[in-house]
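# Chains, contacts and geometry: an overview
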Amino acid sequence: MENYHPSVKELWQKFIDSNPGYSNSTYKAWYFCDTEKCANELAKLVCDGIKKATASLYYWYESGKEVLPLADDINIITDWDGIALCVIKTKKVTVLPFKEVNSEMAFTEGEGDKSLDYWRKAHISFFGREAVSEKIEFNEDTMIVFEEFEMIYK
């Protein structure tokens, strides 16, 4: 595995001890967002069972900078400092244009007031910052990856 905070390996071992069927599984550890406040807030929403999905720019996967998530992937969610908080399992991955995200999907992400309006504003801001840093264009037709998951251990 990558060079993760020691808490990641500790949480993984506790998870495997409680769920030996996953002993041959691999995982990645990561945090949400691009600021400490946001990363920690979203991780808490996952641990509290409220946030059950996330969205990312398809750019990261088509450029080869990230590997496209798949159903049944296992991930450890951390806070901004890399401290392991919980284990999630991907249930479904959908690639679609930004403009096609609907209110049910926004609600599943569990952020803010869970409305589509909130989701759109927050993600236009976030994806806009990513687009600027990567020198790419972001608009309503930009493809995104919508990943649904369940928290399976904390």
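Reading guide: rules and limits
- Residues numbered from 1 in each chain as written.
- Predicted model: local features only at pLDDT ≥ 70, side-chain atom pairs only at ≥ 80, totals over all residues.
- Heavy atoms only, no water.
- Helix = DSSP H or I, 4+ residues; strand = E, 2+ residues; numbered from the N terminus.
- Buried < 20%, exposed > 50% of the residue type's maximum accessible area, 1.4 Å probe, protein only.
- Contact = heavy atoms within 4.5 Å.
- Areas by Shrake-Rupley, 256 points an atom, 1.4 Å probe, with all protein chains shown as cover.
- Phe/Tyr/Trp six-rings, centres within 6.5 Å; stacked < 30°, edge-to-face > 60°.
- Lys NZ or Arg CZ within 6 Å of the ring centre and 35° of its normal.
- Salt bridge = Lys/Arg side-chain N within 4 Å of Asp/Glu carboxyl O.
- Polar contact = N/O pair within 3.5 Å; in protein donor to acceptor, adjacent residues only side chain to side chain.
- Patch = residues over 30% accessible without salt bridge, like charges linked within 9 Å, V, L, I, M, F, W, Y side chains within 5 Å.
- Expected span 1.5 Å × (residues − 1).
- Arc of directions from axis to C-beta.

## Some details on the overall build of the protein
A count of helices and strands for the protein gives 5 helices and 5 strands. Here the protein holds 154 residues, and 40% of them are scored as buried. A separation threshold of at least 6 residues defines the contact pool for the protein, and within that pool the share at least 24 residues apart is 70%. Split by element, the accessible area of the protein, about 8,600 Å² in all, is 50% carbon and sulfur.

## Section: the packing of aromatic side chains
A complete count under the given rule lists 13 aromatic pairs for this structure. Judged by centre distance (4.4 Å) and plane angle (35°), the ring pair of Trp12 and Tyr27 falls under tilted. Of this pair, Trp12 sits in helix 1 (residues 6–18) while Tyr27 sits in the loop between helix 1 and strand 1 (28–30), and the two are 15 residues apart along the sequence. Classification of Trp12 by relative accessible area gives buried; the value is 10%. Overall, the relative accessible area of 9% leaves Tyr27 in the buried class. Taken together through their ring pairs, the aromatic side chains of Tyr4, Trp12, Phe15, Tyr22, Tyr27 and Tyr153 make up a single cluster. Taking the ring centre of Phe32 as reference, the NZ or CZ of Lys51 above it sits at 5.1 Å.

## What about the pairing of strand 2 (residues 53–57)?
Burial runs high along strand 2: 5 of the 5 residues are buried. Here strand 2 shows two buried faces, one formed by Ala53, Ala55 and Leu57 and the other by Thr54 and Ser56.

## Focus: the pattern of salt bridges
Using the criterion set out here, one finds 10 salt bridges in the structure. Salt-bridge contacts for Glu111 lead to Lys51; the nearest nitrogen and oxygen are separated by 2.6 Å. Placement of Glu111 in the loop between helix 4 (103–109) and helix 5 (116–134) and of Lys51 in the loop between helix 2 (36–47) and strand 2 is noted, with a sequence separation of 60 residues between them. Here Asp117 ties to Lys121 by a salt bridge, and the two come within 3.2 Å at their closest N and O atoms. Taken together, the positions of Asp117 and Lys121, both in helix 5 and 4 residues apart, correspond to about one turn of that helix. Each of the salt bridges in this network shares a partner with another, and the network as a whole consists of Lys51, Glu109 and Glu111.

## Points about the side chain of Thr142
The residue Thr142 is located in the loop between helix 5 and strand 5 (143–153) in this model. Residue Thr142 is classed as buried on the basis of its relative accessible area, which comes to 15%. Of note is the side chain of Thr142, whose polar atom sits 2.8 Å from the backbone nitrogen of Asn139. Filtering out sequence-adjacent residues up to four positions away, Thr142 remains in contact with Leu57, Leu96, Pro97, Phe98 and Glu137.

## Some points on a nonpolar patch on the surface
Judged by side-chain polarity, Leu68, Val95 and Met143 come together as a nonpolar surface patch covering roughly 200 Å² of accessible area. Looking at where Val95 falls in the secondary structure, it is placed in strand 4 (residues 84–97). Residue Val95 is classed as partly exposed on the basis of its relative accessible area of 37%.

## Considering helix 5
Between its first and last C-alpha atoms helix 5 spans 26 Å; for 19 residues at 1.5 Å apiece the expected length is 27 Å, and the two agree. Looking only at helix 5, the buried set comprises Trp119, His123, Phe126, Phe127, Glu130 and Ala131. Buried residues along helix 5 cover an arc of 140° about the axis, so they all sit on one side. Helix 5 presents Lys121 and Val132 as exposed residues on the side facing more than 90 degrees away from its buried surface. Buried residues belonging to helix 5 abut strand 2, helix 3 (59–62), helix 4 and strand 5. Positive phi shows up at Lys135, right after helix 5, with a value of about 60°.

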